Amino acid sequence: DFGWLNSVHVNLPAIKWHATLLQSRHSVKKEWQAAWLLRAITCIDLTTLGGDDTASNIARLCAKAAHPLSTDLLVALGFDENDERITTAAVCVYPARVADATSNLKKLGVADRIPVASVATGFPSGQYLLRTRLEEIRTAVENGATEIDIVIDRSLALTHQWEKLYQEIQQMKEACGPKAHMKTILAVGELGSLTNVYKAALVAMMAGSDFIKTSTGKEAVNATLPVGVVMCRAIRNYYQRVGYKVGFKPAGGIRTSKDALNWLILMKEELGTSWLYPDLFRIGASGLLGDIERQLYHYVTGRYAALHEFSVC
């Protein structure tokens, strides 16, 4: 819809002011903070995207995803020790590690509750031939991935080739097949302007994306609240016009409990309660879970523990 795209205007000072206001006006404490942090855990795509990933790394990642909190901490928070509700939303790995993740989740008995997400399409640059990017998606799906985090070719957004970007994302959606959800990474730190961010988000949704995602985590600038406001407004406007809810995933640089709370508050304020669940909201993170566990430990015991006292993935 070129008419929609061409009518876009982003007021940068207003967006920055609104993002600052969200952080300053809202806070949660005590048991409410603990509850929000537990919700944040269930929305995390627990991620490892290192060049040194091995089968053993993936096994630890899957074990942590299945049991993100220690049993004694869960019990102290009022859960039964066998409660299955507190897991991460997914594990996210490179395509070559999808089979390892799938196998480990099956061994843990949680494959039906914790999906495997795979980055694809020439992650993180997106600068691969289209046929290679499409084949990467198909291979990841064949190996057991049920969520695919694609990355767009940023040059198409920077040169305003919106129709070509739309066509590429459509083909990527087709490559995912009927069973795999597609999250489209915009790599916002490399799009040049918030106007381009909004337009790229619209094009991604028009082309069939199930989620739009801020970043690969490899850019100089990743998930920021002003970007989040712009992308959430795009999601809201798309829903109002089309009647279809698209999910949102911030990723990159989200490391503390406060960061997680800020993103949850943003979702609540901009999109409403229905976007506070993992079917419509994810947080891409690798180190966030450790800080949340530390904060919950403080809520239960009144003291902070060192990170090395908790199990690691």
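Taking an unreviewed UniProt entry as the reference, the protein is identified by name as Deoxyribose-phosphate aldolase belonging to Cryptotermes secundus. Entered under Catalytic activity (unreviewed entry) in the UniProt record, the comment concerning the protein runs "2-deoxy-D-ribose 5-phosphate = D-glyceraldehyde 3-phosphate + acetaldehyde".

Q: Run through the pairing of strand 1 (residues 44-47), naming residues and quoting values.
A: Here strand 1 shows no split at all, with Ile44 and Leu46 on one side and Asp45 and Thr47 on the other all buried. Where strand 1 meets strand 8 (residues 283-285), 3 bridges bridge the pair, whose relative direction is parallel. Across the sheet, the residue bridging to Leu46 is Ala285, located in strand 8. In terms of strand pairing, strand 1 meets strand 2 (residues 90-93) through 3 bridges, oriented parallel. Looking at strand 2, one finds that Thr47 is bridged to Cys92.

Q: I'd like to hear about the nonpolar core, residue by residue, with values.
A: As a rule of thumb, nonpolar side chains are buried together in soluble globular proteins. By size, the foremost hydrophobic cluster in this structure holds 97 residues, and its most contacted members are Leu69, Val91, Ile148, Leu186, Phe248 and Leu296. One finds Leu49, Ala117, Val119 and Phe123 within the second-largest nonpolar core, a separate group that totals 7 residues.

Q: Which residues make up the packing of helix 7 (residues 130-142) against helix 9 (residues 162-176), and what values go with them?
A: The packing of two helices is summarised by the inter-axis angle and the distance between the axes. Between helix 7 and helix 9, the shortest axis-to-axis distance is 8 Å and the interhelical angle comes to 25 degrees. When the interaxial angle is binned, helix 7 and helix 9 end up roughly parallel. The two elements helix 7 and helix 9 meet at a crossing, and its hand is right-handed. Mapping the contact onto sequence places Leu130, Arg133, Leu134, Ile137, Arg138 and Val141 in helix 7 and Glu168, Gln171, Met172, Ala175 and Cys176 in helix 9.

Q: An account of the UniProt feature "active site" (unreviewed entry) in the protein is requested, with residue identities and associated values reported.
A: Sites flagged by UniProt as "active site" (unreviewed entry) map to Lys213 and Lys249. These annotated residues cover 37 residues of sequence, and their C-alpha atoms all fall within 4.5 Å of one another, placing them together at a single site. Of the residues annotated just before, the largest pocket has Lys213 and Lys249 among its lining. Its location among the elements puts Lys213 in strand 6 (residues 211-213). Since its relative accessible area comes to 4%, Lys213 is described here as buried. Those residues in contact with Lys213 that lie beyond four places of it in its chain are Asp149, Thr184, Ile185, Leu186, Met231, Lys249 and Ala251. In this structure the side chain of Lys213 is engaged in a polar contact, spanning 2.9 Å, whose partner is the side chain of Asp149. When you line up the elements, Lys249 lands in strand 7 (residues 247-249). Leaving out residues up to four positions away in the same chain, Lys249 has contacts with Asp45, Asp149, Lys183, Phe211, Ile212, Lys213, Thr214, Arg282, Ile283 and Gly284. Side-chain polar atoms of Lys249 contact the side chain of Asp45, separated by 2.8 Å.

About the thresholds
- Position numbers for residues count from 1 along each chain, tracking the sequence in the order it is written.
- The predicted origin of the model limits local features to residues at a pLDDT of at least 70 and limits the giving and counting of side-chain atom pairs to 80 or more, whereas totals for whole chains, interfaces and linings rest on all residues.
- Each side-chain value is worked out from all heavy atoms of the structure, with water and hydrogens disregarded.
- UniProt positions are given in the numbering used here, feature names are shortened, and annotations may be inferred rather than shown by experiment.
- For every residue, the accessible area (1.4 Å probe, protein chains only) is compared with the maximum for its type, and the residue is labelled buried under 20%, exposed over 50%, or partly exposed between those bounds.
- Working definition: helices are DSSP H or I runs of at least four residues, strands are E runs of at least two. Numbering for both runs from the N terminus.
- A pair of strands is labelled paired if DSSP reports no fewer than 2 bridges between them.
- Note on terminology: a nonpolar core comprises buried Ala, Val, Leu, Ile, Met, Phe, Trp, Tyr and Cys residues joined through side-chain atoms within 4.5 Å.
- Each axis is a line fitted through C-alpha atoms, and for a helix only the stretch in contact is used; angles between axes span 0 to 180 degrees, taken between their N-to-C directions.
- Under this scheme an angle from 65 to 115 degrees is roughly perpendicular, one under 35 degrees roughly parallel, and one over 145 degrees roughly antiparallel; angles in between are oblique.
- In this scheme, a crossing is called left-handed if the near helix is turned counterclockwise away from the far one by less than a right angle; it is called right-handed if the turn is clockwise.
- Here, residues are in contact when the closest pair of their heavy atoms is within 4.5 Å.
- Grid spacing is 1 Å over the protein atoms alone, the probe is 1.4 Å, and a cavity is where that probe fits but cannot get out, while a pocket is an open set with protein on both sides within 12 Å along at least five of seven lines and lining residues have an atom within 4 Å of a point.
- Pairing of N or O atoms within 3.5 Å defines a polar contact, subject to two protein rules: one partner must be a possible hydrogen donor and the other a possible acceptor, and residues neighboring in sequence count only if both atoms are side-chain atoms.

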